[in-house]
Each structure stands twice: as C-alpha cells, then as structure tokens.
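# Examination of the molecular architecture
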Amino acid sequence: MPLPFQKPTGLLGRFAVIKPWPDVQAAEDEIIARLEITARSMGLECVVVDPEGHELAPPHRRLTRQDVDFIFSLHFETPKAYDLFSFVALWNPVRFYKEWGFQRFSRNLLTHDDFLSCSSTGADDHVRQLIQGGPERNLDWFTMYHSLSEPILEPALGDGKIFYAGINWERLDKKKKGRHQDLLKALDQEGLLRIHGPRLFQGVNVWEGYRSYVGPIPFDGVSFIHEIARAGISLTLSSEAHIESELMSMRLFESLAAGVIILCDQNPFARRHFGDTLLYLDTSGPTEQVYAQIKAHLEWIRSHPEEALAKARAAQAIFKERFTLDRSLAAIYGNLTERKRQLEALYAPSNPEQSAHLLLLLPSYSPEDLDALLESAASQ
C-alpha cells in the first residue's frame with residue numbers, strides 16, 4: 001500500500017509527465033503508467049503531455065502554470081519547451097550522451113529548472129560539472145528512481161525460472177553480437193529462462209531461435225511485476241555504460257517489487273544499497289564462467305529455499321524503505337514550495353527595477369505568434 005499522503009496547501013495536486021516519443025512505445029511508457037498509478041493512489045493526478053507541453057488526450061491543450069504544479073522530463077532528448085516548472089530525471093549513463101550527442105543533450109538538461117537524482121555517481125557528477133558552481137543552481141536535489149509503488153508482492157520463488165526481458169536490439173546488426181547473447185543462448189538451451197520483449201523490432205524478429213521466448217508484456221505498470229514473480233528469479237544485468245555511471249536499470253526495482261531472488265552483476269549501485277541481499281555475478285570473465293556462477297546460484301536456491309526467500313525479503317524491505325515511487329513523489333510534493341522559493345531567490349535579479357534589452361525573432365507575423373512571443377519573454 002502507498003504511504004500516507006496529504007497534498008500540501010496551495011498546490012493543485014496535478015503534475016505532468018512528458019512522453020518523449022508520442023508515436024513510439026518505449027520503456028518510458030512503463031514509467032508513465034507507474035506514475036499514473038502512484039498519483040491516483042495518492043489522490044493526485046498525472047497528465048501525460050508531448051515534448052512541447054500539449055496534453056496527449058483531447059482537447060490537447062498546452063498546459064500553463066495554472067494547470068499543474070510541475071512537469072517531469074524523463075529523457076535528455078526533451079529540453080524545456082513550455083512555461084512550467086520543470087524537473088529532468090538523471091536516469092541515463094554518461095556514455096549515452098557521448099555516443100548520441102554530448103553537447104546537444106547536455107545542454108538540454110540545463111534548460112530545466114531542477115534535477116532529479118537516482119543516486120548515480122556518474123549521472124550526478126556529469127550535471128555538477130556542467131553547472132560548475134553556477135550561482136543560480138542548488139545542488140541539493142530531490143531523488144526519484146525509475147521505480148514503482150505498487151504492486152509489491154509477497155516474496156516467493158515462483159516456478160524457479162530465470163526472468164529476462166529486453167529488446168535484443170543488437171540483432172538489428174547481423175555483424176554485431178549482443179552483449180549477453182552467448183550467455184542467454186546457453187541458458188536457453190537448458191530451458192532455464194523465460195524471455196520477454198517485443199517479437200519484432202524495426203521489422204526484425206529479434207528473439208528468433210530462442211526456445212525460452214514467451215512474448216511481449218504490456219506497458220501497463222503492473223504486468224511486468226506479475227511476470228517476474230511467476231518466474232521466481234530475475235537476471236538483472238547492466239550494460240558497461242550503466243556500470244561506469246553506477247546506475248541500475250528499471251529491472252532491479254521491478255524485481256524487488258516482485259519479491260524474487262535477484263542475480264545481479266557487479267554494478268556498484270547494487271552493492272552499495274543492497275549488500276548481500278542479492279546474489280552477484282562477476283560478468284567480467286568469459287561466458288563459461290558467468291554461466292557456471294548462475295548454475296551454482298540456482299543450485300543454492302533449490303537446496304536452500306528458506307535462505308533464498310530471506311534474501312528476497314531483506315532486499316524488498318530495503319526497496320520499500322528507500323526506493324518506491326510514492327516515497328519520491330511525496331518528498332517532492334512536501335518540499336516543492338520551499339524548493340521553488342530557494343531557486344527563485346538564486347536567479348532573481350538583485351535590482352528588480354533594472355531594465356534588460358531583448359532581441360526577439362518573429363520569422364512570420366501573426367497576432368497569435370506575436371502574443372506567444374511576448375508572453376514567453378514576460379515569463380523569462
């Protein structure tokens with residue numbers, strides 16, 4: 001059950017979240033579904049918008065400060081393009097910026113009013129370096145994890161199968177081998193896996209040849225958790241980029257909510273926050289060694305079921321205490337008014353009477369465009 005929550009006086013109880021790619025289904029859709037579920041359980045409302053702040057549902061209005069308390073941007077591809085107090089989540093490894101466009105996407109982050117940390121050393125340090133002690137920023141950020149608040153299931157060992165989900169996008173390049181392909185193939189051949197994910201990605205059958213492939217899971221905020229619990233064991237592997245930035249994927253939080261035993265790589269985030277409540281894999285060696293570790297863990301789980309369940313319960317208890325989505329959202333709402341006041345004090349002019357000159361560009365004239373331009377200037 002969500003934490004007890006009472007909306008602070010003076011706030012609307014409505015917030016917005018950006019769907020980065022309105023015509024494409026992506027992992028952000030699952031987070032949005034979980035935000036909607038959490039908001040309802042807390043007596044709040046979550047409004048889904050496009051990157052320019054227009055409601056995706058009719059009447060597709062562009063939101064204003066009178067409509068919502070704030071807006072969440074979940075991805076560095078979406079700069080602030082609306083007149084709303086805007087948080088951006090620092091949920092991507094630093095290497096992604098370097099591979100996709102470091103300057104452009106780093107600048108996108110700085111267009112937002114404030115940042116949401118997920119306790120990633122690399123992601124947080126990246127923004128601190130961009131800010132470089134800028135006087136208009138406060139580095140005491142809220143935390144919000146790519147997590148959930150419900151359902152949280154009673155720990156169990158399910159069917160004793162290993163849950164794995166992904167797009168397996170490396171199959172798009174036939175010359176490139178997926179980062180876990182050999183390991184997944186070995187586990188697949190022994191019937192130890194349950195693989196979920198889209199069957200077709202960009203027209204390619206990405207899971208062709210895998211006997212353990214079950215099918216896609218709807219992005220509805222709850223189905224993933226039940227499928228993980230049904231399997232009983234979760235294989236939670238990080239990319240090199242995530243390990244470098246000490247940042248975990250959603251899979252860890254989903255698996256904790258599902259109450260399963262977790263096989264995790266040596267991502268420092270997991271070690272730092274969950275200690276020996278997880279079963280770890282050293283994935284730096286050859287596939288044969290990683291496979292042998294997984295087999296050894298499976299044998300231990302089967303021969304020590306009560307001890308395995310004790311680990312799952314202890315890990316889930318840490319999750320419920322520190323990482324649930326309702327906990328993050330309640331902290332943001334409880335401190336939002338003071339946070340806005342602090343930031344406004346940092347960037348407000350010391351002399352409000354002092355004038356400023358603006359050069360405004362209006363490529364084509366219409367009364368509506370002129371009004372929008374003047375309104376934007378006034379808000380800035």
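Each remark here, short or long, concerns the structure printed above.
The structure presented is a predicted model; accordingly, all values stated were derived computationally and were not measured. (Residues numbered from 1 in each chain as written. Predicted model: local features only at pLDDT ≥ 70, side-chain atom pairs only at ≥ 80, totals over all residues. Heavy atoms only, no water.)

### Side note on the pairing of strand β2 (residues 45-49)
When you tally the buried positions in β2, you get four out of five residues, the bulk of the element. With five bridges joining them, strand β1 (residues 14-18) and β2 adopt parallel strand pairing. Looking across to β2, one finds that Ile-18 is bridged to Val-49. The parallel pair β1 and β2, bridged by helix α1 (residues 27-41), forms a crossover whose chirality is right-handed. (Buried < 20%, exposed > 50% of the residue type's maximum accessible area, 1.4 Å probe, protein only. Helix = DSSP H or I, 4+ residues; strand = E, 2+ residues; numbered from the N terminus. Pairing = 2+ DSSP bridges. Right-handed = clockwise from strand over helix to strand, strands pointing away.)

### As for helix α12 (residues 325-347)
The largest bend in α12 amounts to roughly 60° and is located at Leu-336. Residues of α12 that are buried include every one of Leu-325, Asp-326, Ser-328, Leu-329, Ile-332, Tyr-333, Leu-336, Arg-339 and Leu-343, and no others. As for α12, its buried residues are in contact with β1, α1, β3 (71-73), β4 (86-89), β5 (114-117) and β6 (142-143). (Bend = angle between axes of the 7 residues up to and from the residue. Contact = heavy atoms within 4.5 Å.)

### A look at the layout of surface pockets
In this structure, the second largest pocket encloses a volume near 990 Å³. Taken together, 28 residues line the second largest pocket, and the ones lying closest to its centre are Arg-65, Lys-80, Asp-83, Leu-84 and Ser-379. Elements with a minimum of two residues in the lining of the second largest pocket: α12 and α13 (367-379). Taken together, the residues of the lining of the second largest pocket break down into eleven nonpolar, six polar and eleven charged. (1 Å grid on protein atoms, 1.4 Å probe; cavity = no way out; pocket = protein on both sides within 12 Å on 5 of 7 lines; lining within 4 Å. Points joined across faces, edges and corners; volume = space filled by probe spheres on them. Nonpolar A, V, L, I, M, F, W, Y, C, P; charged D, E, K, R; others polar.)

### As for the sheet that holds strand β14 (residues 279-280)
Ordered in space as β11-β8-β7-β12-β13-β14, the six strands form an open sheet in which the pairing is parallel. Looking at strand neighbours, the two that pair on one side only are β11 (213-215) and β14, the edges of this open sheet. The pairing of strand β7 (residues 161-165) with strand β12 (residues 232-236) spans three bridges and is parallel. Across the sheet, the residue bridging to Lys-161 is Gly-232, located in β12.

### A closer look at the pattern of salt bridges
Overall, the coordinates contain 18 salt bridges when judged by the stated rule. Note that Arg-128 and Asp-125 form a salt bridge whose closest N and O atoms lie 3.3 Å from each other. Linking Arg-128 with Asp-125, this pair stays in helix α4 (residues 121-131), spanning three residues, or about one helical turn. On the basis of relative accessibility, which here comes to 34%, the residue Arg-128 falls in the partly exposed class. Of the residues examined, Asp-125 reaches a relative accessible area of 33% and is grouped as partly exposed. A salt bridge links Glu-227 to Arg-230, with the shortest nitrogen-to-oxygen separation between them at 2.8 Å. With Glu-227 and Arg-230 both in helix α6 (residues 223-231), this residue pair falls three residues apart, about one helical turn. A relative accessible area of 23% means that Glu-227 is categorised as partly exposed. (Salt bridge = Lys/Arg side-chain N within 4 Å of Asp/Glu carboxyl O.)

### Here's the deal with the packing of aromatic side chains
Within this structure, the stated rule accounts for 26 aromatic pairs. Ring centres of Trp-207 and Tyr-213 lie 6.4 Å apart, and the angle between their planes is 15°; on these two criteria the pair is classed as stacked. Owing to a relative accessible area of 3%, Trp-207 belongs among the buried residues under this scheme. With a relative accessible area of 12%, Tyr-213 lands in the buried category. An aromatic cluster of three or more residues is present, and its members are Phe-5, Phe-15, Phe-70, Phe-72, Phe-85, Phe-87, Phe-142 and Tyr-333. Taking NZ or CZ as reference, Lys-185 lies 4.2 Å from the ring centre of Tyr-210, over its face. (Phe/Tyr/Trp six-rings, centres within 6.5 Å; stacked < 30°, edge-to-face > 60°. Lys NZ or Arg CZ within 6 Å of the ring centre and 35° of its normal.)

### Some remarks on the environment of Leu-184
Structurally, Leu-184 can be placed in helix α5 (residues 181-189). The exposure class assigned to Leu-184 is buried, which follows from its relative accessible area of 2%. Taking the C-alpha atoms as reference points, Leu-184 and Tyr-210, separated by 26 residues in sequence, lie 8.8 Å from one another. With near-sequence residues (within four places) excluded, Leu-184 lies in contact with Tyr-164, Leu-193, Trp-207, Tyr-210 and Leu-235.

### Quick notes on the sheet that holds β3
The pairing of strands in a sheet happens through backbone hydrogen bonds and is either parallel or antiparallel. Within the open sheet, the six strands sit side by side as β2-β1-β3-β4-β5-β6. Their pairing is parallel. For this open sheet the edge positions go to β2 and β6, each flanked by a neighbour on one side alone. Across the sheet, α1 is in contact with β1, β2 and β3; its angle to β2 comes to roughly 155°. (Axes fitted to C-alpha atoms, helices over the stretch in contact; angles between N-to-C directions.)

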